Amino acid sequence: MTMINTEALPSQETISWADGFLLVYSITDRQSFNWVKRVRLHISERKGRGGLAGATTLTPMPPVPAGVGGDVSPTFGPPMVLLGNKADMVHLRQVSSEEGEILAKDLECYFSEVAASEQVLQVANAFHEVFKEVQNVRKRQKTSLLDRVLGNKATKIYVRGKSDSALPKE
Ligand SMILES: Nc1nc2c(ncn2[C@@H]2O[C@H](COP(=O)(O)OP(=O)(O)OP(=O)(O)O)[C@@H](O)[C@H]2O)c(=O)[nH]1
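Residues numbered from 1 in each chain as written. Predicted model: local features only at pLDDT ≥ 70, side-chain atom pairs only at ≥ 80, totals over all residues. Heavy atoms only, no water.

Enquirer: So what about a nonpolar patch on the surface? Which residues, and what values?
Expert: On the surface, L145, L146, V149 and L150 cluster together into a nonpolar patch covering about 360 Å² of accessible area. Within the secondary structure layout, L146 lies in helix α4 (residues 120–150). (Patch = residues over 30% accessible without salt bridge, like charges linked within 9 Å, V, L, I, M, F, W, Y side chains within 5 Å. Areas by Shrake-Rupley, 256 points an atom, 1.4 Å probe, with all protein chains shown as cover. Salt bridge = Lys/Arg side-chain N within 4 Å of Asp/Glu carboxyl O. Helix = DSSP H or I, 4+ residues; strand = E, 2+ residues; numbered from the N terminus.)

As structure tokens, then:
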């Protein structure tokens, strides 16, 4: 695990190495939320489709067309989880829960607000969500690789087997 706690964007090396990303901002600090949005774009533009393949081979995303808000389809992006920290400090809140939810929807990722200083389990759960998402991507990649190698034969065999069993046994 690498922790990046700086204003600098993550390096190409870090992005290539990482299987997934836990993006954390503070609900009391709008700049940190803006930074997370910048980092997310930075990662999506550099981590190729399927995300995990980029662990060793990096496939750059196509350039972002102008005028579409600079977003890259999250469906093909690397696994991400969004976390709003310092949820106990609502009196100093600068980023609403809705804004976090909207960004998470855009990223198609898990989102939660936590108070890291007192909610250890919730923080652990966020890491678990990253892990689950990484596993999901790996499964999807394995399936698509099998499809490519077998040319969808696996599916055909399954369908035939199903209709066979539906035939009367005489
Ligand atoms: N109340 C509260 N304080 C927190 C929480 N998480 C971290 N802190 C406190 O925020 C301060 C900064 O935490 P650090 O771990 O140094 O994090 P940082 O990224 O340097 O954060 P900032 O200094 O806030 O930019 C410390 O005093 C922490 O105890 C939280 O969920 N709630």
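Enquirer: Break down the nonpolar core for me, with residues and values.
Expert: Generally speaking, nonpolar side chains in soluble globular proteins are found buried as a group. One finds F21, L23, Y25, I43 and L82 to be the most contacted residues of the largest nonpolar core, which totals 19 residues. For this core, the element with the highest residue contribution is helix α2 (residues 30–46), accounting for five residues. Residues within four places of L82 in sequence aside, it is in contact with L23, Y25, V36, G100, L103, A104, C109, Y110, F111 and S112. V81, L83, V130 and V134 belong to the second-largest nonpolar core, a separate cluster that totals six residues. (Core = buried A, V, L, I, M, F, W, Y, C linked by side-chain atoms within 4.5 Å. Buried < 20%, exposed > 50% of the residue type's maximum accessible area, 1.4 Å probe, protein only. Contact = heavy atoms within 4.5 Å.)

Enquirer: Pulling in residues and values, what's your account of helix α3 (residues 97–107)?
Expert: All of the buried residues along α3 are G100, L103, A104 and L107. Buried residues of α3, seen end-on, are gathered within an arc of 100° and therefore sit on one face of the element. Turned more than 90 degrees away from the buried face of α3, the exposed residues are I102 and K105. Buried residues in α3 make contact with β1 (21–26), α2, β2 (80–85) and β3 (110–113). Looking one or two residues past α3, E108 carries a phi angle of roughly 50°, positive in sign. (Arc of directions from axis to C-beta.)

Enquirer: Go over the site of the ligand with me, naming the residues and quoting the values.
Expert: Residues in close proximity to the ligand total eight residues, the closest being N85, K86, D88, A116 and S117. The side chain of N85 places a nitrogen or oxygen atom 3.1 Å from a nitrogen atom of the ligand. One nitrogen or oxygen atom from the main chain of A116 is found 2.9 Å from an oxygen atom belonging to the ligand. Within the complex, the protein chains bury 40% of what would otherwise be the 620 Å² of accessible surface of the ligand. (Near = heavy atom within 4 Å. Polar contact = N/O pair within 3.5 Å; in protein donor to acceptor, adjacent residues only side chain to side chain.)

Enquirer: I'd love a proper account of the packing of α2 against α3, names of residues and values included.
Expert: The geometry of α2 relative to α3 is characterised by a closest axis approach of 12 Å and an angle of 5° between their N-to-C directions. Taken together, the axis directions place α2 and α3 in an arrangement best described as roughly parallel. On the side of α2, the interface is formed by R30, F33, V36, K37 and R40, while α3 contributes E99, G100, L103, D106 and L107. (Axes fitted to C-alpha atoms, helices over the stretch in contact; angles between N-to-C directions. Parallel < 35°, antiparallel > 145°, perpendicular 65-115°, else oblique.)

In short, shape yes, function no, at least from these values alone.
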